[in-house]
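Listed below, chain by chain, are the residues.
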Amino acid sequence: MQLIKNGSFIEDQFVTVGDDEALPEGAAIVSLERWQAERETLRARNAPVGVRLKSGQEPSVIAQDLDKLAVVALEFPAYRNGRAYSYARLLRERYGFKGEVRAVGNVLRDQFQFMIRCGFDALEVADNITPEIFAECAGFFTAFYQPAADGKPTVLSLRQRLAARAQAAG
Amino acid sequence: MYRYDEFDQQIVNERVAQFRGQVARRLSGELTEDEFKPLRLMNGVYLQLHAYMLRIAIPYGTLSSRQLRMLAHLGRKYDRGYGHFTTRQNLQFNWPALKDMPDLLAELATVEMHAIQTSGNCIRNVTSDQYAGAAKNEIEDPRIVSEIIRQWSTFHPEFSFLPRKFKIAVSGTPDDRAAIRVHDIGIQIVQDAKGNIGYEVYVGGGLGRTPMIGKKLTDFVPKEDLLAYLEAVMRVYNMYGRRDNMYKSRIKILVHEIGAEEMKRQVDAEFAELKKAGTLHLPLEEVARIEAYFRPPAFEDLPNESTELNKAVLADPDFANWVKSNIAEHKVPGYAIVNISLKPIGGVPGDCTSDQMDAVADIAEKYSFDELRVTHEQNLTLAHVRKKDLHAVYEALKKHDLATANINLITDQIACPGLDYCALANARSIPIAQRISERFADIARQHEIGELKINNSGCINACGHHHVGHIGILGVDKKGVEYYQVTLGGAADEKTAIGEIVGPAFTEGEIVDAIEKIVNTYLGIRTEGERFIDTYRRVGIEPFKENLYAAH
């Protein structure tokens, strides 16, 4: 597994810890269950903490804690299970989460661009993904119909801009 | 018709390039068939029994002559000289080679067409009324909102991996030709007391294993909020739709399990949030930009009666039959809507040769403002023909075996590809439709029987819409033998109903006789001018059952 964050292949600073493992000194990602069970201790911690949500654990359950979380990792149990696309948009657009939203699990190259559009800024990908493949897949499309979490201008806004320019030119 | 601007074209071109790369990875062996599957399924490529099949989107069923000529050309170059029009107004090619598909799609893109989202668990091609812009009681042309939905749903980043496929249909008239109540979302264009146009939204209709009629979630969504409303429905479905069992993953099951009231509550809550965010607010200038493409063509000022037409009807009885069944009333005096049957006697419903496509393109260019429609009943429609040209149009169609006078009659059947093509099917459906067509070939008898819709499906997935046929035929497999189960009383219009099973299934040898018995029962008990479906609604299933199984 490799981690791509904001387009760069980087060393993962976070350790994903199992529910019965001891917490490391540094940055850690825990399950929702562990977060809920040890919430007070984890909130008081100095090292950064992230929570990993399974499909079915929606972001509203941690909405009150987002100010304390550095990472929310959203699980794709299978490429076909697209729930986490909605979760990522809710984190960004509804709850205004500014930390890292990480895609973990079954993350296919052909889905990178959809994920980025929905607000994922970190992707945990298979080892065969090279920077060239990432660049190609993250940039398949250069025009977008829908407003999403990436704030890219939509086709509609570009049309309006063109129309305004045409009008200004008389 | 809508024309692509630079952005629409760019997105389609980028899709062709992307798919070319994916096909190259499959052909080089870098991708296994399993890994390739989700990718091809996003682009209408299915693996059938014998070969790959490609499904091309015909958004809301509208085609220009130029586009139809391109489909004819693609059929000759990459297939076996024909294509198949589907119940979702699309076109399927059954025999193209995978290595050719990127080139095929590149050619298709030159006429502003694509195969995007014609399969996969995403929002599929939006379907609509084939009489759009021509129907008398139309509140607004449904193609405007259909095109807006096409754009919004194309490569939607959040909704490309839904629990299951998702189908949206739009109707602009109170009488529903788009079967909106058996779609995941059905949109009925309505007008409020102040004259504002908006949308009534039905959610959770569908056929398949568990047929359900859509529930009305709202009476009125204002125009500028439609995309926010649709996004709210989609988000609730994406988050809460079942993913544990593919047969329980459609939105109809979610609506059924939580109830329409709860569904409405969740959608309303999400809708309120999305409205607050405001990013999906649809500016009326954009609606106007798209609406401009669907302005009425330059209709002539004509008398409503045509002496040429009246004379030809008297002189040519075959033409008279065709006028009686295939012509519908147009909103403009002196014009008519022409339905072209793709159901010749003994033929394969929906099949059309490349030569026929070229012929229809020429006729549309000459007589119907250069455009035509595909219907969900697998026929074609010329929306705006002068009444005085009807005979010439008929003669031109006849030369290409396209003048069958059977629209809405017993031989105008819907049929899925069935076991002849499909990997899912349990039984053949095309040959059954062909035998029924041959049994009732006599045109006078068909007209005597009147409106009667027979829908054939080769398996429980119901691609042939058997649940909503006045007579539905479902192929089932019993220990390796094909049997056919019959339902009665289904309908897909504004009085949508799911048909009722009449009794034990029939063998291939018995099924045509059984259909004939049902028809004869109807003829014996109908009142003056009563259609089959009306008789059924009046008397129920019992008389049909008694006659059918009396001898057994």
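Keep in mind it's a predicted model, so treat the numbers as computed, not measured.

Enquirer: Help me understand the environment of glutamine 146 of chain A, please; the structure alone is not making it clear to me.
Expert: For glutamine 146 of chain A, the position within the fold is in the loop between helix H5 (131–138) and helix H6 (155–168). Contacts of glutamine 146 of chain A, omitting those with residues within four sequence positions, involve Thr154 of chain A together with Trp152, His156 and Pro157 of chain B.

Enquirer: Would you take a moment to explain the pairing of strand E7 (residues 168–171) of chain B for this structure?
Expert: Successive side chains on a regular strand alternate, one facing one side of the sheet and the next facing the other. Residue and element names in this part refer to chain B. In E7, alternate side chains face the same way, and those of Ile168 and Val170 on one face and Ala169 and Ser171 on the other are all buried. As judged from the two bridges shared by strand E6 (residues 127–128) and E7, these two strands associate in the parallel manner. By the bridge assignment for E7, serine 128 is matched with valine 170. You can see the chain leave E6, run along helix H5 (residues 142–153) and come back into E7, and the turn it takes is left-handed. As paired strands, E7 and strand E8 (residues 185–191) are joined by four bridges and run parallel to one another. Its bridge partner lying in E8, serine 171 is registered against glutamine 188.

Enquirer: Sorry, what's going on with the interface of chain B and chain A here?
Expert: Quoted interface sizes are often the accessible area lost when the parts come together. Taken together, the contact between chain B and chain A spans 27 residues of the former and 26 residues of the latter. Looking at the side of chain B that touches chain A, the elements that each hand over two or more residues are helix H1 (6–27), helix H2 (33–41), H5, helix H6 (226–240) and helix H8 (260–277) of chain B. Among the elements that make up the side of chain B that touches chain A, the one with the highest residue count is H1 of chain B (five residues). Among the residues making up the side of chain B that touches chain A, the classes are represented as twelve nonpolar, nine polar and six charged.

Enquirer: What should I look at first to understand helix H11 (residues 317–326) of chain B in this one?
Expert: Two residues of an α-helix separated by three or four positions point the same way, owing to the 3.6 residues in each turn. Among the residues of H11 of chain B, Phe319, Asn321, Trp322, Val323, Ser325 and Asn326 of chain B are the ones counted as buried. The elements touched by buried residues of H11 of chain B are helix H10 (307–315), strand E11 (327–329), strand E12 (335–340), helix H13 (390–398) and helix H15 (443–449) of chain B.

Enquirer: It is not clear to me how the sheet that holds strand E6 (residues 71–76) of chain A should be interpreted in this structure. Could you clarify?
Expert: The strands making up a sheet associate through backbone hydrogen bonding, with each pair oriented either parallel or antiparallel. Residues and elements named next belong to chain A. In space, the eight strands of this open sheet follow the order E2-E1-E8-E7-E6-E5-E4-E3, with mixed pairing throughout. Across the chains shown, the open sheet's two edge strands, defined by having one partner strand only, are strand E2 (8–10) and strand E3 (15–16). In this sheet, strand E8 (residues 122–125) lies alongside strand E7 (residues 100–105) in parallel orientation, the contact comprising two bridges. What sits directly across from arginine 102, in E8, is alanine 122.

Enquirer: Could you clarify how one ought to interpret the packing of helix H3 (residues 65–78) of chain B against helix H4 (residues 101–109) of chain B in this entry?
Expert: Packed helices, taken two at a time, are described by the angle their axes make and the gap between the axes. Residue and element names in this part refer to chain B. Contact geometry of H3 with H4 gives a least axis separation of 10 Å together with a crossing angle of 165 degrees. Classed by the angle they form, the pair H3 and H4 counts as roughly antiparallel. Both H3 and H4 take part in a crossing whose hand is right-handed. Taken together, the residues of H4 that come into contact with H3 (itself represented by Met70, Leu74 and Tyr78) are Leu104, Glu107 and Leu108. Classifying every residue of the contact of H3 with H4 gives five nonpolar, no polar and one charged.

Rules of the game
- Residues numbered from 1 in each chain as written.
- Chains lettered and ligands numbered in written order.
- Predicted model: local features only at pLDDT ≥ 70, side-chain atom pairs only at ≥ 80, totals over all residues.
- Helix = DSSP H or I, 4+ residues; strand = E, 2+ residues; numbered from the N terminus.
- Contact = placed C-beta atoms within 7 Å.
- Buried ≥ 20, exposed ≤ 12 C-beta atoms within 10 Å, placed from the backbone.
- Pairing = 2+ DSSP bridges.
- Right-handed = clockwise from strand over helix to strand, strands pointing away.
- Nonpolar A, V, L, I, M, F, W, Y, C, P; charged D, E, K, R; others polar.
- Axes fitted to C-alpha atoms, helices over the stretch in contact; angles between N-to-C directions.
- Parallel < 35°, antiparallel > 145°, perpendicular 65-115°, else oblique.
- Left-handed = near helix turned anticlockwise from the far one by under 90°.

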